[in-house]
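Given next are the chains, with one letter for each unit.
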Amino acid sequence: MPQLDQVVRDIADEMAQRTDRGEVATYIPELARADTKAFGLVVIDAEGNIAAGGDSEIPFSIQSISKVFTLTLALGKAGDRLWKRVGREPSGSAFNSVVQLEYERGVPRNPFINAGAIAVTDLIVSGYQPREALAEILRFLRFLADDPSITVDEAVAASEARTGFRNIALANYMKAYGVLENPVDFTLGVYFHHCAIAMSCRQLAAAGRFLAYQGRNPVTGLSVVPPERARRINAIMLTCGHYDGSGEFAYRVGLPGKSGVGGGILAIAPGKASIAVWSPGLDASGNSRLGRIALEELTKRLGWSIFGA
Ligand code: GLN
């Protein structure tokens, strides 16, 4: 697909020139070491063609992008019962907001803000040892990306466990309301570790394919989730995937997307492509600055916004 290849390469070149690269996250000390000059972009289409630009093979901390995959697993385990523990409305507040959780009596607004993702992780942990629950998440990602080399960056996990006081507060608050079933340290241990999974843009775009093609890998034909579930996960990505920057992301990019504070974004062009971008510098909402700009350029040039040209 020459045109797509060219567009991806052009955007990677343009992003390499930019000086307005945002700020790396520092509240997880290990993430502060990321190189703001890094930029990667990978697009995988329905035929399995891969268009790659920049640092497309360098693993980075996927952080909150992991929440798309834990949500998928938790829905597989609990189905609609999940929605008793977590809502599905955009938050309009920061990803680690404490005040919103208090207003809503311990039931998080959606599965992508930290509190909601911790509640989702708790559901995956139930009935298992934390180690088994983490292994299940990792197995799922390796299966989706068809890559057994994907692993947890233990230094990032340890760094967040040492400094994750806000998440500890959120989890304890939910525990007080009976929203978490398991010991808080079990659930948080798994949460910190799945956030610390490291993947390259190529691996991440591969893992996201099922969301672009009605729940199936279009090349192998293997079904991951029913079409209706893929559609709904995309809907939540569109409305909640960028926290209080979700409206702006929909306005500028026009695709379901999920960001992480490691600077990655997974974006889904339904029926067309799975896209992963990475640039560690963040904007004020904690979303990759150049990642968003690159996706805006991509959807503009290819006419891929779900809202039309
Ligand atoms: N692990 C991070 C946290 O809990 C994830 C946040 C994010 O990527 N937005 O704070």
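Here is a short report on the structure shown in this document. No experiment lies behind these values; they were computed from the predicted model shown. (Residues numbered from 1 in each chain as written. Predicted model: local features only at pLDDT ≥ 70, side-chain atom pairs only at ≥ 80, totals over all residues. Heavy atoms only, no water.)

## Focus on the site of the ligand
Right, so step 1: Close contacts around the ligand come from Y27, Q63, S64, F95, N114, E160, N167, Y191, C195, Y243, G260 and V261, and that covers them all.
Right, so step 2: In this structure, Y27 approaches the ligand through a side-chain N or O atom, which is 2.5 Å from an oxygen atom.
Right, so step 3: Side-chain polar atom of N167 to an oxygen atom of the ligand: 2.8 Å apart, as the coordinates give it.
Right, so step 4: Relative to its free-state accessible area of 300 Å², the ligand is covered by the protein chains to the extent of 100%.
Right, so step 5: Across the shell around the ligand, the residue classes break down as six nonpolar, five polar and one charged. (Near = heavy atom within 4 Å. Polar contact = N/O pair within 3.5 Å; in protein donor to acceptor, adjacent residues only side chain to side chain. Areas by Shrake-Rupley, 256 points an atom, 1.4 Å probe, with all protein chains shown as cover. Nonpolar A, V, L, I, M, F, W, Y, C, P; charged D, E, K, R; others polar.)

## What about unusual backbone geometry?
Note: most peptide bonds trans; most residues except glycine with negative phi.
Right, so step 1: A positive phi angle is found at R105, which is not glycine, with a value near 50°.
Right, so step 2: Considering the arrangement of structural elements, one finds R105 in the loop between α3 (99-103) and α4 (114-125). (Helix = DSSP H or I, 4+ residues; strand = E, 2+ residues; numbered from the N terminus.)

## So, the sheet that holds strand β6 (residues 257-259)
To summarise the sheet geometry, strands pair through backbone hydrogen bonds and adopt either a parallel or an antiparallel arrangement.
Right, so step 1: If you trace the five strands from one edge of the open sheet to the other, you get β2-β1-β8-β7-β6, paired in antiparallel fashion. The sheet is open, and its two edges are formed by β2 (50-54) and β6, each paired on a single side. Averaged over all pairs of adjacent strands, the angle between strand axes in this sheet comes to 10°, irrespective of strand direction.
Right, so step 2: Helix α13 (residues 289-302) rests against β1 (40-45), β7 (264-269) and β8 (273-278) of the sheet, and its axis sits at about 145° to β8. (Pairing = 2+ DSSP bridges. Axes fitted to C-alpha atoms, helices over the stretch in contact; angles between N-to-C directions. Contact = heavy atoms within 4.5 Å.)

## Thoughts on the packing of aromatic side chains
Right, so step 1: Taken as a whole and assessed by the stated rule, the structure comprises five aromatic pairs.
Right, so step 2: Here the aromatic rings of F60 and W278 are separated by 5.0 Å at their centres, their planes lie at 5°, and the arrangement is stacked. On the criterion of sequence distance, the pair formed by F60 in strand β3 (residues 60-61) and W278 in strand β8 is long-range, its members being 218 residues apart. W278 shares its class with F60; the two are buried.
Right, so step 3: Taking 5.2 Å as the distance between ring centres and 45° as the angle between the ring planes, the aromatic pair formed by F95 and Y243 counts as tilted. Residue F95 is found in the loop between α2 (66-78) and α3, and its partner Y243 is found in the loop between α11 (227-240) and α12 (246-252); the two are separated by 148 residues along the sequence. Each member of the pair, F95 together with Y243, is buried.
Right, so step 4: A connected cluster of aromatic rings, assembled from ring pairs, spans Y27, F95 and Y243.
Right, so step 5: The side chain of R88 reaches across the aromatic face of W83, ending 5.1 Å from its centre. (Phe/Tyr/Trp six-rings, centres within 6.5 Å; stacked < 30°, edge-to-face > 60°. Buried < 20%, exposed > 50% of the residue type's maximum accessible area, 1.4 Å probe, protein only. Lys NZ or Arg CZ within 6 Å of the ring centre and 35° of its normal.)

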